[in-house]
Amino acid sequence: MKIEDREPLDDEAIDAITRLPKAELHLHFEGGAPPGFIRDLAKKKKVDLSKIFNADGSYAYRDFVHFLSVYEAATSVLQTPEDFARLCTAVLEQSAENGVVYSETFLSPDFCGGGDVVAWREYLHAIREAAEAAERAHGITLRGIVTCIRHFGPDQARTAARCAAETADDWLCGFGMAGDENMGKQKDFSYSFDMAREAGLKLTSHAGEWRGPQEVREAVEDLGVARIGHGVRAIGDLATVDMLAEQEITLEVCPGSNVFLGVFPSLDKHPIDQLRERGVKVTVSTDDPPFFHTTMRKEYAALAKTFRWDAQTFTELNRTAMSAAFCDAETRDAVLKKIDNP
Ligand code: HPA
Ligand code: ZN
């Protein structure tokens, strides 16, 4: 249906939509760190991070590649399992405030113990303990996806995949790839994705945020992913869009991130509605919320306003997210109950 033919929503309806229970599939763990959290840690550890902050305290970067280096600088002060446990508490408090009831987060062994499996287990243990406490306190469920970093190269990705394979279970349930999409090719990482698949992990990869439809095809064909991080530039080729719809590949769409980084000039030019109308399974996430000045509530409000999506559409979106979630069936059913009974 054309947007003009849909009923516009008033402020009250939009406010109710922002309060719906939400499932988020695409959240970089360190990317959820509030700038104040990183600044305090830097001060405590006597690391000079003044260059990565604006005068108002927000993160400062010029473009996507610079963002990645600022992200890594911020992450450098997270040095122990306890730091990551505290980060987990801070991130999940924010998510819960935004009505998120289920979240999957990208964790990188590269940042948690430098790829050493023994150290990685300690980080993972600390994060899971903090997540369990947050679940008891706020009713939010977290699951982890090990993520290799594309611009660190295929060899380091194998180390991440080995960590993932060693710790694969109901909690650590996925493997993916983040980082600079303009470096190398998806298939350079097929060994790591094969290892993860054999360990029983579900797969996702960032594709089609910066490169075009071909990159999205390669993620599906060369890595065999069930989900794509972003994938939005598939819109440049309708055959690719139809392939996504036919194969029921779910897109982890992060509209606020895309607009903030200039992938699309404004939300009304963003293809999420077109993709959905053409039958692609789309979901909504924040990516790195404080970096992109967004939250799940802000994402929902902006989508409701721009595309006139009603509460039922958002509930469908959250059901789509849960059917593509990497958790086990029991967890999925428990979360679906919350989504269906707001
Ligand atoms: N995209 C790709 N890689 C990343 C991101 C992102 O938003 N955040 C951290 N690593
Ligand atoms: Zn991302």
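Basis of the calculations
Residues numbered from 1 in each chain as written. Chains lettered and ligands numbered in written order. Predicted model: local features only at pLDDT ≥ 70, side-chain atom pairs only at ≥ 80, totals over all residues. Heavy atoms only, no water. Buried < 20%, exposed > 50% of the residue type's maximum accessible area, 1.4 Å probe, protein only. Helix = DSSP H or I, 4+ residues; strand = E, 2+ residues; numbered from the N terminus. Pairing = 2+ DSSP bridges. Axes fitted to C-alpha atoms, helices over the stretch in contact; angles between N-to-C directions. Parallel < 35°, antiparallel > 145°, perpendicular 65-115°, else oblique. Left-handed = near helix turned anticlockwise from the far one by under 90°. Contact = heavy atoms within 4.5 Å. Near = heavy atom within 4 Å. Polar contact = N/O pair within 3.5 Å; in protein donor to acceptor, adjacent residues only side chain to side chain. Areas by Shrake-Rupley, 256 points an atom, 1.4 Å probe, with all protein chains shown as cover. Donors = N, O, S within 2.8 Å, 3.2 Å for Na, K, Ca; no water. Phe/Tyr/Trp six-rings, centres within 6.5 Å; stacked < 30°, edge-to-face > 60°. Lys NZ or Arg CZ within 6 Å of the ring centre and 35° of its normal.

### Quick look at the pairing of strand β1 (residues 22-28)
A regular strand places its side chains on the two faces of the sheet in alternate fashion.
Thinking step 1. Counting buried positions along β1 gives 7 out of 7 residues, so the element sits mostly inside the fold.
Thinking step 2. Sheet topology places β1 next to strand β2 (residues 100-107); 5 bridges connect them, and they run parallel. Of the residues in β2, the one forming a bridge with His28 is Phe106.

### Some remarks on the packing of helix α1 (residues 11-18) against helix α12 (residues 296-307)
Thinking step 1. It is at 8 Å that the axes of α1 and α12 come closest, and there the two elements cross at 140°. Taken together, α1 and α12 sit at an angle that is classed as oblique. As α1 packs across α12, the resulting crossing turns out to be right-handed. When α1 is examined against α12, the residues Ile14, Asp15, Ile17 and Thr18 are found in contact with a partner set consisting of Arg297, Tyr300, Ala301, Ala304 and Lys305.

### Examining the site of ligand 1
Thinking step 1. In the neighbourhood of ligand 1, the contacting residues comprise His28, Phe64, Phe67, Leu68, Tyr71, Ala178, Gly179, His206, Glu209, Asp287 and Asp288.
Thinking step 2. Take Asp287: an N or O atom from its side chain is 2.9 Å from an oxygen atom of ligand 1.
Thinking step 3. Interatomic distance of 2.8 Å between a side-chain N/O atom of Asp288 and an oxygen atom of ligand 1.
Thinking step 4. Taken by itself ligand 1 offers 260 Å² of open surface, and the protein chains cover 96% of this.
Thinking step 5. Sort the elements by how many residues they give to the shell around ligand 1 and helix α3 (residues 64-75) lands first, with 4 residues.

### Concerning the coordination of the zinc ion (ligand 2)
Thinking step 1. For the zinc ion (ligand 2), the full set of protein donor atoms is His26 (NE2), His28 (NE2), His206 (NE2) and Asp287 (OD), at a range of 2.1 to 2.2 Å.
Thinking step 2. All donors of the zinc ion (ligand 2) come from a single chain, and their spacing in sequence reads H-x1-H-x177-H-x80-D.
Thinking step 3. Looking at His28, the relative accessible area reads 9%, which means it is buried.

### A word on the packing of aromatic side chains
Between two aromatic rings, the relevant description is the distance of the centres plus the angle of the planes.
Thinking step 1. Across all of its chains, the model carries 20 aromatic pairs by this definition.
Thinking step 2. The interplanar angle of 45° and the centroid separation of 6.3 Å between the aromatic rings of Tyr71 and Phe111 together place this pair among those described as tilted. With Tyr71 in helix α3 and Phe111 in the loop between β2 and α5 (117-138), the pair connects residues that are 40 residues apart, well separated along the chain.
Thinking step 3. Relative to Trp309, the ring of Phe307 lies with its centre 6.0 Å away and its plane at 35°, an arrangement referred to as tilted. Trp309 carries the same exposure label as Phe307, and that label is buried.
Thinking step 4. Each member of the aromatic cluster is reached from another via a ring pair, and the members are Phe53, Tyr59, Tyr61, Phe64, Phe67, Tyr71, Phe111, Phe152, Trp210, Phe260, Phe291 and Phe292.
Thinking step 5. A cation over a ring is seen here: Arg158 above Tyr191, with NZ or CZ 4.0 Å from the ring centre.
Thinking step 6. Seen from the ring of Phe326, Arg227 lies directly overhead, with NZ or CZ sitting 3.8 Å from the centre.

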